[in-house]
Amino acid sequence: MHACGHDGHAAMLLGVAKSLVESGVTSQLKGNIKLIFQPAEEELSGAKKMVEAGVLENPEVDMILAAHMLPDLPEGSIGICRGFSHAASDRVCLTVRGKGAHAAKPHQGVDPVVAGAFFVTSVQSIVSRSIDPISSAVVTFGRFQAGSAFNIIPETATLEGTVRTLDPKVRKKIRRRLEEQADGLDTMFGVKTKFEFQDGIPACFNHQAASDLLFEAAGKAVGSNSVSTVPPVLGGEDFALFTEKVPGAIFRVGCGNQEKGLVHPLHSPYFDIDEKSLIEGMNVFLKAVKLYLE
Ligand SMILES: [Zn+2]
Ligand SMILES: [Zn+2]
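Because the structure is a prediction, the values reported are computed rather than measured.

1. Some remarks on the coordination of the zinc ion (ligand 2)
Bound to the zinc ion (ligand 2) on the protein side are Cys4 (SG), His6 (NE2), Glu41 (OE) and His68 (NE2), at distances that span 2.1 to 2.3 Å. Each of the four donor atoms around the zinc ion (ligand 2) contributes to a set of angles spanning 77 to 136°, which defines the coordination as irregular. For the pair the zinc ion (ligand 2) and the zinc ion (ligand 1), the metal-to-metal distance amounts to 3.3 Å, and Cys4 bridges them. One end of the pair, Cys4, is in the segment before helix 1 (6–23); the other, His68, is in strand 1 (residues 64–74), with 64 residues separating them in the sequence. The exposure class assigned to Cys4 is buried, which follows from its relative accessible area of 6%.

2. As for the packing of aromatic side chains
Scanning all chains against the criterion turns up five aromatic pairs. For the pair Phe119 and Phe141, a centre-to-centre distance of 5.6 Å together with 75° between the ring planes defines the contact as edge-to-face. Remark: Phe141 occurs in strand 6 (residues 137–146) and Phe119 occurs in helix 3 (residues 112–130); sequence separation between them is 22 residues. Take Phe141: its relative accessible area is 16%, and that puts it in the buried class.

3. Here we look at the sheet that holds strand 2 (residues 78–80)
A sheet is described by the order of its strands in space; here four strands give the open sequence 1-12-2-11, paired in mixed fashion. If you trace the sheet from one side to the other, it starts and ends with strand 1 and strand 11 (227–229), each paired once. Taken over all neighbouring pairs, the strand axes of this sheet differ in orientation by 30° on average, direction set aside. When strand 1 meets strand 12 (residues 248–256), the two strands line up parallel, connected through eight bridges. Looking at strand 12, one finds that Ala66 is bridged to Ile250. Of the strands in this sheet, strand 1 and strand 12 touch helix 1, which is tilted by about 130° from strand 1.

4. So, the nonpolar core
Ranked by internal contacts, the top residues of the largest apolar core, which has 34 residues, are Val16, Met69, Ile78, Ile80, Phe251, Val253 and Val284. Apart from residues no more than four positions distant in its own chain, Ile78 is found in contact with Leu73, Ala218, Val222, Ser226, Val227, Ser228, Phe251, Arg252, Val253 and Val284. One finds Val92, Val110, Ala157 and Leu159 within the second-largest nonpolar core, a separate group that totals 22 residues.

The rules behind these values
- Here the residue index of a chain counts from 1 through its sequence in written order.
- Each chain takes a letter, starting from A, and each ligand takes a number, starting from 1, following the order in which they are written.
- Selection of residues for local features in this predicted model requires a pLDDT of at least 70, selection of side-chain atom pairs for listing and counting requires 80 or more, and totals for whole chains, interfaces and linings are taken over all residues.
- The side-chain numbers reported here are obtained from all heavy atoms of the structure, hydrogens and water having been left aside.
- Donor selection uses N, O and S atoms within 2.8 Å of the metal (3.2 Å for Na, K and Ca). Since no water is included, sites may look incomplete.
- Between 85 and 135 degrees for all angles marks four donors as tetrahedral; over 155 degrees for opposite donors together with 65 to 115 for all other angles marks four donors as square planar and six as octahedral; every other arrangement is irregular.
- Only runs of H or I of at least four residues qualify as helices and only runs of E of at least two qualify as strands under DSSP, and these elements are numbered from the N terminus.
- Any residue under 20% of the maximum accessible area for its type is buried, any over 50% is exposed, and the rest in between are partly exposed; the area is computed with a 1.4 Å probe on protein chains only.
- Each aromatic pair joins two rings of Phe, Tyr and Trp (for Trp, the six-membered one) with centres within 6.5 Å, and gets the label stacked for planes under 30 degrees apart, edge-to-face for over 60, and tilted for any other angle.
- A pair of strands is treated as paired once DSSP finds two or more bridges between them.
- Here the axes come from fitting lines to C-alpha atoms, over the contacting stretch only for helices, and the angles between their N-to-C directions go from 0 to 180 degrees.
- Here, two residues are considered to be in contact whenever any of their heavy atoms come within 4.5 Å of each other.
- We call a set of buried Ala, Val, Leu, Ile, Met, Phe, Trp, Tyr and Cys residues a nonpolar core when their side-chain atoms join them within 4.5 Å.

Below you can see the structure in the form of structure tokens.
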């Protein structure tokens, strides 16, 4: 279970469709409305396929809006982030090839575990020493696999990690520093390394006009006192691939409720939403449509 509220997002958009049709408002609007039910946000691959399939063309899209649940905000409130809202998310893989040996005779082998462990520790200095402290970035290695016995130096170690950045220049610099440090292992430890940086998705950018529209629409939907600016997060969001092509913005729908025990974060197995938030998210879309197309 991914537990991110995606069924709620689909329900909200179905509500938008129902309301648009039943109210007859579409006949008074100057323009077309496309409702995009994007799959596979959880693996950050659905937006790419939809863009490639032409969802933004014929008719061309002038502005795109999206919603995502956020249990950190109470039900009845909406959060909007101007500019970059979610991080670019890339994957890195490092294979370290050494030479197996008896644990007690390390001088007869080349230890890939020590080289890999050094790499994980050493790259932590990239964010702290090579990146402007005002910028945000994360380098995390979540997988480190090597060996099959406690007393044998293995042949290889495989490491996999993720790089999260908001600024494309920082993204480039971290990539270069990781490559340089991986290269350095060969000289320092006598291992042979293979480093791969796999481009994931870019940072999600909320355009000015679309953010302004959302602030106004959300104010009308839930009252301006319940609309707040939320800070960016270093989680990924493949809505980024839409706003890379056309102006747009994503808003967060507050779905938490302390009294009802709905306090668990996204991706928690206990995550649940206050279903009143579905109406509020739906109303933000409806108000935005009216404001933009009337
Ligand atoms: Zn998720
Ligand atoms: Zn999600």
